[in-house]
Amino acid sequence: MQDRRPTERPSPLMLRGQGRSGPPVVVLQGGPGAPGSVQGLASVLADSYSVLEPFGCRSRGLHLTVERCIRDLADLLDTQLPGERPALVGHSWGAILALAFGAAHPTRACRIALVGCGTIDALCRAELTRCIEDRIGREKIQALNACAAAFTTSEEVERIWRSMVEPTYDYSAEPNS
C-alpha cells in the first residue's frame, strides 16, 4: 500500500495528513479562518482514505481572494498529489472553495462533496433567506425577534436561535429519520 501522507516536498500551505492508504481526499475547512475545523471529519475519512487537510489559504500580506485560494489549492495538489485527481470535501467556506475550484479546474478533482455550503452571491443569499423564512414560519420569526430584544447577551440569543433554526437546515433522505 502506498503511503500518501504529506510528502517532504515543500507545500504551499500548512497541512495535516491522515490515513496511509486508499484514494486521496482533500478536506477543506470552513472559515476561511478556521484551521483544523474539519479535523473530526478528516479523522473519520482517514479510516478508508488518504486524507490531506490544508490549513487555510496563504496571503503573504496580499489581499486574500477566492482566486488566490484556488491557486493555493492547485499548488497544493501539484506538490502533494502530482498527477492525481483527489476527491474534495469542503465544509462551509471550504465547500464554496471546492465548488469554485471545480469550476476553475474541472479535471483536477474526481469528486466534490459540499457540506453546509453557503451562498456565493446576493441573489442566491436572498433566495436562501426566503427559503429559510418559509421553513421557519412567521410565528417563529416573530419569536426570534422578541428573543433578541429580551435577552442581554449574544450567547442567550444564539442558544435560542440555534434551537429554533437548526432544524430548518436538517434534511434526511431517509423517511422518518
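Preceding block: the structure.
In this text, all values refer to a predicted model and were calculated from it rather than measured experimentally.

*Asks:* Mind showing me how you'd approach the overall build of the protein chain here?
*Replies:* Scanning the protein chain from N- to C-terminus turns up six helices and five strands. Helices (α) and strands (β) of the protein chain occur, in sequence order from the N terminus, as β-β-α-β-α-β-α-β-α-α-α. Within the span of the protein chain, comprising 177 residues, buried residues form 32% of the whole. In the protein chain, 65% of the contacts between residues at least 6 apart in sequence involve partners at least 24 apart. Looking at the protein chain as shown, the accessible area adds up to about 11000 Å², and 55% of this sits on carbon and sulfur atoms.

*Asks:* Honestly, the pattern of salt bridges in this entry has me stumped. Any pointers?
*Replies:* When their charged atoms lie close together, side chains carrying opposite charge are able to pair. Under the counting rule described, the total for this entry stands at four salt bridges. Across the salt bridge formed by Arg 108 and Asp 78, the nearest N and O atoms sit 2.7 Å from each other. Pair noted here: Arg 108 is in the loop between α3 (93-104) and β5 (111-115) and Asp 78 is in helix α2 (residues 66-80), with a separation of 30 residues, a long-range link. Overall, Asp 78 belongs to the partly exposed group, its relative accessible area being 44%. Here Asp 134 ties to Arg 130 by a salt bridge, and the two come within 2.6 Å at their closest N and O atoms. Highlighted residues: Asp 134 and Arg 130, both in helix α4 (residues 122-136), separated by four residues, approximately one helical turn. By relative accessible area, Arg 130 is classed as partly exposed at 38%. Among the charged side chains, a network of salt bridges with common partners joins Glu 127, Arg 130 and Asp 134.

*Asks:* What should I look at first to understand the sheet that holds strand β1 (residues 15-18) in this one?
*Replies:* Pairing between the strands of a sheet comes from backbone hydrogen bonds, and it takes one of two forms, parallel or antiparallel. Strand order across the open sheet formed by five strands is β1-β3-β2-β4-β5, with mixed pairing between neighbours. In this open sheet, the two edge strands, each paired with only one partner strand, are β1 and β5. Here the strands of the sheet are splayed against their neighbours by 20 degrees on average, with no regard to which way each runs. In the sheet, strand β4 (residues 87-91) pairs with β5 via five bridges, with the strands oriented parallel.

*Asks:* Would you mind going over α2 with me for this structure?
*Replies:* The periodicity of an α-helix, 3.6 residues per turn, causes residues three or four places apart in sequence to face the same way. Helix length check: α2 (15 residues) gives 21 Å between terminal C-alpha atoms against 21 Å at 1.5 Å per residue, within 8%. When α2 is considered as a whole, its buried residues turn out to be Arg 68, Cys 69, Ile 70, Asp 72, Leu 73, Ala 74, Leu 76, Leu 77 and Gln 80.

Calculation notes
- Residues numbered from 1 in each chain as written.
- Predicted model: local features only at pLDDT ≥ 70, side-chain atom pairs only at ≥ 80, totals over all residues.
- Heavy atoms only, no water.
- Helix = DSSP H or I, 4+ residues; strand = E, 2+ residues; numbered from the N terminus.
- Buried < 20%, exposed > 50% of the residue type's maximum accessible area, 1.4 Å probe, protein only.
- Contact = heavy atoms within 4.5 Å.
- Areas by Shrake-Rupley, 256 points an atom, 1.4 Å probe, with all protein chains shown as cover.
- Salt bridge = Lys/Arg side-chain N within 4 Å of Asp/Glu carboxyl O.
- Pairing = 2+ DSSP bridges.
- Axes fitted to C-alpha atoms, helices over the stretch in contact; angles between N-to-C directions.
- Expected span 1.5 Å × (residues − 1).

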